[in-house]
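Now for the letters of each chain:
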Amino acid sequence: MVGTEIPAQNGASTPQDRRFGTLAVHAGAPHDPTTGAVIAPISLSTTFAQTSVGNPVGLYEYTRSSNPNRDHFEQAIAALEHAKYALAFSSGSATTAVILQSLAAGSHVVSVSDVYGGTHRYFTKVASAHGVHVTFSPCIELDVEELIRPNETKLVWIESPSNPTLGLVDIEKIAAVAHRHGILVVVDNTFLSPYVQNPLDHGADIVVHSVTKYINGHSDVLMGVAAFNSDSLKERLGFLQNAIGAVPSPFDCWLAHRGLKTLHLRAREATTNATAVAKALEASPHVIAVNYPGIDSHPQRAIAIKQHRQGMGGGMLSFRIKGGQEAAHLFCKYTKVFTLAESLGGVESLCEVPSSMTHAGIPKDQREAAGVFDDLVRMSCGVEDVEDLLADTLQALDKAVAATKVGNGTA
Ligand SMILES: *Cc1c(COP(=O)(O)O)cnc(C)c1O
């Protein structure tokens, strides 16, 4: 028998209700029907033979429209995000672009203000040029209702947790308001991955990911994906996927699918590591504040407990170091296991200073209003051993703070 059938034990597990790890390994991963290959070959062919005009041999005609590796990856993501459909794109940014392109000119979008920098750039510099206007809100749970414009607002865009301050949004609360007005809710779930959070279960209509981060997880693929349940969204976004052509290569789909198979293992380990690092930072005299949704000091910890698997915090955290921007820069210079680099979600730990790197494009007053101070350091915890990450963090803190000559107790 070809495929991924796993015998149900005592009738307990049908393919539909299998658990995350089983789905991550098996969803969209059929054995090759002709050779029995357990791992699908990479289908590099751009075109597929037809036996007579309009009668392709198999399911495929031309690779931009669909190809076996993209289909497999999309099936796996749909299973893991509890969606009927998933569509893969050439980057997270292309995913955002296609969703915004699906709106008619004159449409209005309400968005959380601390969205990913590239999303902010697309909203303000590209979508606006096509007549789609976005209103940003720093406290969307409080003012979504009054920001909605009758007949104009078509989307509410949420990122939870936000970047880099790890603020959370109650998805269910926003969806209830949006749906009363017939408006769709999009959640960028990049920071948590489908292992930690499934936004569709909380009422979102579309979940998007930069696959580049946790889903691929090995910092070697640029890709994006959107998942949803609606047949009309499948028709509209699927049409644009092909018509715009911002699609990933079969090779990238194959690599991302391979990465996805260990997502549950990586996400659990990253959460364990980030929790330990967050607690150590919190206990350090060199630290002003820690932002991590997995610990009780997080102001929206209750949302994490409601929305995240077992209240997990994921692998991302940020903290303010004593000694200002100089100390933040030095901290990232002195770490030896954490690499100073942008991006996140890989097996290797990274750190960066948002005000000087990922968020440097945002004016200082706006940045600081969102909590992105010059002394903020963002860390992406990978899957190295926790003792090494802790030791690395503490030695870099000591050195950075000593070098900026700020003693204990002074902020
Ligand atoms: C990286 C990222 C994106 C953009 O994805 P690319 O794959 O780099 O285009 C969007 N949202 C979030 C939260 C991200 O971290």
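Further up the page is the structure itself.
Numbering of residues begins from 1 in every chain and follows the order in which that chain's sequence is written. Two thresholds apply to this predicted model, a pLDDT of at least 70 for residue-level local features and 80 or more for giving and counting side-chain atom pairs, whereas whole-chain, interface and lining totals are computed over all residues. Only hydrogens and water are set aside; all other atoms, that is, all heavy atoms of the structure, feed into the side-chain values.

Section: the packing of helix H3 (residues 92-101) against helix H8 (residues 231-244)
To characterise two packed helices, one gives the angle between the axes of the helices and the distance between these axes. Across the interface, H3 lies against H8 with an axial gap of 10 Å and an inter-helix angle of 120°. Between H3 and H8 lies a crossing of right-handed hand. Residue-level contacts link Val98, Ile99 and Gln101 of H3 to Leu237, Leu240 and Ile244 of H8. Class assignment of the residues belonging to the contact of H3 with H8 gives a composition of 5 nonpolar, 1 polar and no charged. Convention adopted: a line fitted to C-alpha atoms gives each axis, helices being fitted over their contacting stretch, and angles between N-to-C directions are expressed from 0 to 180 degrees. Only DSSP runs of H or I reaching four residues or more are called helices, and only runs of E reaching two or more are called strands; each is numbered from the N terminus. In this scheme the crossing of two helices becomes right-handed for a clockwise turn of the near helix relative to the far one and left-handed for an anticlockwise turn of less than a right angle. The contact criterion used throughout is that any non-hydrogen atoms of two residues lie within 4.5 Å. Here the term charged refers only to Asp, Glu, Lys and Arg, the term nonpolar to Ala, Val, Leu, Ile, Met, Phe, Trp, Tyr, Cys and Pro, and the term polar to all other amino acids, Gly among them.

Description of the pattern of salt bridges
Salt bridges are identified by distance alone: a Lys or Arg side-chain nitrogen within 4 Å of an Asp or Glu carboxyl oxygen. For the structure shown, the criterion picks out 12 salt bridges. Note that Glu368 is salt-bridged to Lys364, the shortest N-O span being 3.5 Å. One end of the pair, Glu368, and the other, Lys364, are both in helix H13 (residues 364-369), 4 residues apart, so they sit about a helical turn from each other. To sort residues, take the accessible area from a 1.4 Å probe on protein chains only and compare it with the maximum for the residue type: under 20% means buried, over 50% means exposed, and anything in between is partly exposed. For Glu368, a relative accessible area of 26% gives the class partly exposed. Between Arg367 and Asp374 there is a salt bridge whose closest N-O contact spans 3.0 Å. For the pair Arg367 and Asp374, a shared accessibility class is recorded, and that class is buried. Here the salt bridges share partners, and the residues they tie into one network are Lys364, Arg367, Glu368 and Asp374.

Looking at the layout of surface pockets
Estimates place the volume of the largest pocket at around 1,200 Å³. In terms of lining, the largest pocket is formed by 47 residues, of which the most central are Ser113, Asp114, Val115, Asn163 and Ala370. Contributions of two or more residues to the lining of the largest pocket are made by helix H4 (117-127), strand E5 (133-137), helix H5 (140-147) and H13. By residue class, the composition of the lining of the largest pocket is 19 nonpolar, 19 polar and 9 charged. These domain limits were set by an automatic method or by a database of domain assignments. Taken domain by domain, the makeup of the lining of the largest pocket includes at least three residues from each of domain 1 (15-260) and domain 2 (265-407). We place a 1 Å grid over just the protein atoms. Points where a 1.4 Å probe fits but has no way out form a cavity, open points with protein on both sides within 12 Å along at least 5 of 7 lines form a pocket, and any residue with an atom within 4 Å of a point lines it. Grid points are joined across faces, edges and corners, and a volume is the space filled by probe spheres set on the points.

Structural measurements only, silent on function.
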